[in-house]
Amino acid sequence: MSVHNPDIKRVTTHTIQELKNKGEKISALTAYDFSMARVVDAAGVEMILVGDSASNVMAGHETTLPITLDQMIYHASAVVRGVKRALVVVDLPFGSYQGNSSEALRSAIRIMKESGAHAVKMEGGLEIKESIVRILSAGVPVMGHLGLTPQSIYKFGTYAVRAKEEAEAEKLMEDAHMLESIGCFGVVLEKIPATLTKTVSQSLTIPTIGIGAGPDADGQILVIHDLLGINNEFKPRFLRRYADLHTVMTEAIAHYVDDVKANDFPNEKEAY
Ligand SMILES: Nc1nc(=O)c2c([nH]1)NC[C@@H]1CN(c3ccc(C(=O)N[C@@H](CCC(=O)O)C(=O)O)cc3)CN21
Ligand SMILES: CC(C)C(=O)C(=O)O
Ligand SMILES: [Mg+2]
């Protein structure tokens, strides 16, 4: 296996748009730390999202709501130091942009200034239009996020598929067009019917990045720990596991424990 498009030196929002224009799918994954970001970047992924899923995956919270702006900046700055090629996008966390557009702008600027990331992502449509406009006006690229928006989990109550009903599907389509018209460079579509993803992706010029949204998004994203099978509890139907690192890691660690107990580690060569 080799890295795709080795000629691309640095992926920008324009590169992502060009991939859609020429019909090449966009690959994206999350990362939350330096070491993981280095691996993900070197393997050829075009976009790395420092997701607020760090709240679940890194900190063990039930939802994405508790993670703070300072914590997102800590994760994002570590990721940026590990990335040479991919576009680095950072989730604005819950509470850092919903209040008003001035607060949203301040949060986005803090992320850009303190982490060195290239863009931010925000959940929602019309409700947050003014905030997105302000951030875009400051020259910060923004990615939208529609469908299942985990920061609103307590409004919806479940992580079930979104926009199955006609009215919700129409609202999503309107929001997607609004995001494109104000200048967002892309939009994440999470857990919506595959047919709706196809319709939205074909009618937008900007790229869509799907998760649990079927094969017709312009790109795909997964949480890196899910893809690698580090997590063995999270098993939604949309997830494909490409490795069983949970087993690999558990066996390696158990082996180390055995060796320590047996006085086998360290040996003579491993001592000074
Ligand atoms: N590890 C991880 N992976 C993710 O993809 C992820 C996070 N964390 N945290 C933030 C959000 C939350 N996401 C979610 C959460 C649940 C489902 C889900 O489908 N859960 C169950 C129950 C769904 C239901 O209530 O019907 C499933 O089996 O599908 C999907 C995406 C996606 N994001
Ligand atoms: C699942 C992706 C799209 C996300 O928003 C996250 O990881 O926080
Ligand atoms: Mg997120």
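Throughout, a residue's number is its position along its own chain's written sequence, starting from 1. As they are written, the chains are lettered A onward and the ligands numbered 1 onward, keeping that order. Per-residue local features of the predicted model are confined to residues with pLDDT of at least 70, and side-chain atom pairs are confined, for both listing and counting, to 80 or more; whole-chain, interface and lining totals are unaffected and use all residues. Each side-chain value is derived from all of the structure's non-hydrogen atoms; neither hydrogens nor water enter the calculation.

Applicable threshold: UniProt positions are given in the numbering used here, feature names are shortened, and annotations may be inferred rather than shown by experiment.
As recorded in an unreviewed UniProt entry, the protein goes by 3-methyl-2-oxobutanoate hydroxymethyltransferase and comes from Spirosoma validum. Note on the protein: under the UniProt heading Pathway (unreviewed entry), the record states "Cofactor biosynthesis; (R)-pantothenate biosynthesis; (R)-pantoate from 3-methyl-2-oxobutanoate: step 1/2." Checking UniProt for the protein, the heading Function (unreviewed entry) contains the comment "Catalyzes the reversible reaction in which hydroxymethyl group from 5,10-methylenetetrahydrofolate is transferred onto alpha-ketoisovalerate to form ketopantoate."

**Some points on the overall build of the protein**
Rules: The numbering of helices and of strands both runs from the N terminus, where a helix is a DSSP run of H or I of at least 4 residues and a strand a run of E of at least 2. When we talk radius of gyration, it's over C-alpha atoms, and the globule rule is simply 2.2 Å times the number of residues to the 0.38. Contacts are assigned to residue pairs that have any heavy atoms within 4.5 Å of one another. Each accessible area is a Shrake-Rupley result for a 1.4 Å probe, and residues are judged covered by the shown protein chains and nothing else.
Along the protein, the regular secondary structure elements total eleven helices and eight strands. Relative to a compact globule of 272 residues, whose C-alpha radius of gyration would be 19 Å, the protein shows 20 Å and is just as compact. Over its C-alpha atoms, taken along the principal directions, the protein stretches across nearly 65 × 40 × 40 Å. Contacts in the protein between residues at least 24 apart in sequence constitute 59% of all its contacts with a sequence separation of at least 6. Carbon and sulfur atoms form 55% of the exposed surface of the protein, whose accessible area is close to 14100 Å².

**Let's talk about the pattern of salt bridges**
Pairs may arise between side chains of opposite charge once their charged atoms sit close together. Just so we agree on the cut-off: Basic side-chain nitrogens of Lys or Arg form a salt bridge, by our definition, when they fall within 4 Å of a carboxyl oxygen of Asp or Glu. Each residue's exposure class comes from its accessible area (1.4 Å probe, protein chains only) as a fraction of the maximum for that residue type: buried when under 20%, exposed when over 50%, partly exposed otherwise.
Here the structure, examined in full by the defined rule, presents six salt bridges. Across the pair Asp-218 and Lys-20 runs a salt bridge whose closest N-O atoms are separated by 2.8 Å. You can see Asp-218 sitting in the loop between strand S7 (208-211) and strand S8 (219-222) and its partner Lys-20 sitting in helix H1 (residues 13-21), a full 198 residues away along the chain. Across this residue pair, the class does not change: Asp-218 and Lys-20 are buried. The salt bridge partner of Arg-110 is Glu-114, with a shortest N-O separation of 2.7 Å. Of this pair, Arg-110 and Glu-114 are both found in helix H5 (residues 101-115), four residues apart, which corresponds to roughly one turn of the helix.

**Here we look at the UniProt feature "active site" (unreviewed entry) in the protein**
To keep things clear, this is the line we draw: Here a polar contact is recorded for every N or O atom pair within 3.5 Å, except that within protein the pair must consist of a potential hydrogen donor and a potential acceptor, and residues adjacent in sequence are included only if both atoms are side-chain atoms.
Per the UniProt entry, the sites bearing "active site" (unreviewed entry) are Glu-190 in this numbering. Those residues within four positions of Glu-190 in sequence are excluded, and the remaining contacts are His-145, Leu-146, Gly-147, Leu-148, Pro-150 and Ile-211. Looking at Glu-190, its side chain comes within polar contact range of the side chain of His-145, at 2.9 Å.

**What to know about the coordination of the magnesium ion (ligand 3)**
Worth spelling out the cut-off: Donor atoms (N, O, S) are those found within 2.8 Å of the metal centre, with the cutoff raised to 3.2 Å for Na, K and Ca; water is not part of the atom list, so apparent gaps in a site can occur.
Coordination of the magnesium ion (ligand 3) by the protein involves Asp-52 (OD) and Asp-91 (OD), with metal-donor separations of 2.2 Å. You can see Asp-52 sitting in the loop between strand S2 (47-50) and helix H3 (54-57) and its partner Asp-91 sitting in strand S3 (residues 87-91), a full 39 residues away along the chain. Overall, the relative accessible area of 5% leaves Asp-52 in the buried class.

**Thoughts on the site of ligand 1**
Counted only if it meets this: What makes a residue near a molecule or strand is one non-hydrogen atom of that residue sitting within 4 Å of it. Both site types are read off a 1 Å grid over the protein atoms alone. A 1.4 Å probe that fits but cannot get out defines a cavity, while an open set with protein on both sides within 12 Å along at least five of seven lines defines a pocket; lining residues have an atom within 4 Å of a point. Think of it this way: if more than half of a molecule's atoms are within 2 Å of a pocket's grid points, that molecule is in the pocket or cavity. When residues are sorted by character, Ala, Val, Leu, Ile, Met, Phe, Trp, Tyr, Cys and Pro go into the nonpolar class, Asp, Glu, Lys and Arg into the charged class, and all the rest, Gly among them, into the polar class.
In the vicinity of ligand 1 there are 17 residues, among which Asn-56, Glu-190, Lys-191, Val-223 and Asp-226 approach most closely. One nitrogen or oxygen atom from the side chain of Glu-190 is found 3.4 Å from a nitrogen atom belonging to ligand 1. Most atoms of ligand 1, that is more than half of them, are within 2 Å of grid points of the second largest pocket. Broken down by class, the residue content of the shell around ligand 1 amounts to ten nonpolar, four polar and three charged.

**Thoughts on helix H6 (residues 129-137)**
An α-helix turns once every 3.6 residues. As a result, residues three or four positions apart point the same way. What counts here: To obtain the arc, one takes the directions from the helix axis to the C-beta atoms.
Of the positions making up H6, those classed as buried are Ser-131, Ile-132, Ile-135 and Leu-136. For H6, the angular spread of buried residues about the axis comes to 130 degrees, placing them on one side. Residues of H6 that are exposed and point more than 90 degrees away from the buried face comprise Glu-130 and Ser-137. Note on H6: the residue one or two positions beyond its end, Gly-139, has a positive phi of about 90 degrees.

**Some remarks on the site of ligand 2**
In the neighbourhood of ligand 2, the contacting residues comprise Thr-30, Leu-49, Gly-51, Asp-52, Ser-53, Asp-91, Lys-121, His-145, Val-188, Ile-211 and Val-223. A distance of 2.6 Å is found between an oxygen atom of ligand 2 and a side-chain nitrogen or oxygen belonging to Ser-53. Between ligand 2 and the protein, one listed contact pairs an oxygen atom with a side-chain N or O atom of Asp-91 at 3.0 Å. For ligand 2, the accessible surface in isolation is 260 Å², of which the surrounding protein chains cover 94%.

**Some details on the sheet that holds strand S6 (residues 186-190)**
The condition that has to hold: At least two DSSP bridges between two strands are required for those strands to pair. Orientation is described by axes fitted as lines to C-alpha atoms, over the contacting stretch for helices, and by angles from 0 to 180 degrees between their N-to-C directions.
The sheet built from eight strands closes into a barrel, its strands ordered S1-S2-S3-S4-S5-S6-S7-S8 with parallel pairing. Adjacent strand axes in the sheet meet at a mean angle of 25 degrees, parallel and antiparallel pairs treated alike.

**Things to note about the layout of surface pockets**
Leftover empty space is mapped by rolling, across the atoms, a probe with the size of a water molecule. So the rule is basically this: Grid points are joined across faces, edges and corners, and a volume is the space filled by probe spheres set on the points.
The calculated volume of the largest pocket comes to roughly 1300 Å³. Around the largest pocket sit 39 residues that line it, and Leu-29, Gln-220, Leu-222, Leu-227 and Tyr-242 are the ones nearest its centre. Taken together, the elements giving at least two residues each to the lining of the largest pocket come down to strand S1 (26-30), helix H2 (34-42), S8 and helix H10 (224-227). Here the second largest pocket defines a volume of roughly 640 Å³. Residue assignment for the lining of the second largest pocket shows that the elements contributing at least two residues are H3, strand S4 (119-123), S6 and S8. Partitioned by chemical class, the residues of the lining of the second largest pocket number 13 nonpolar, eight polar and nine charged.

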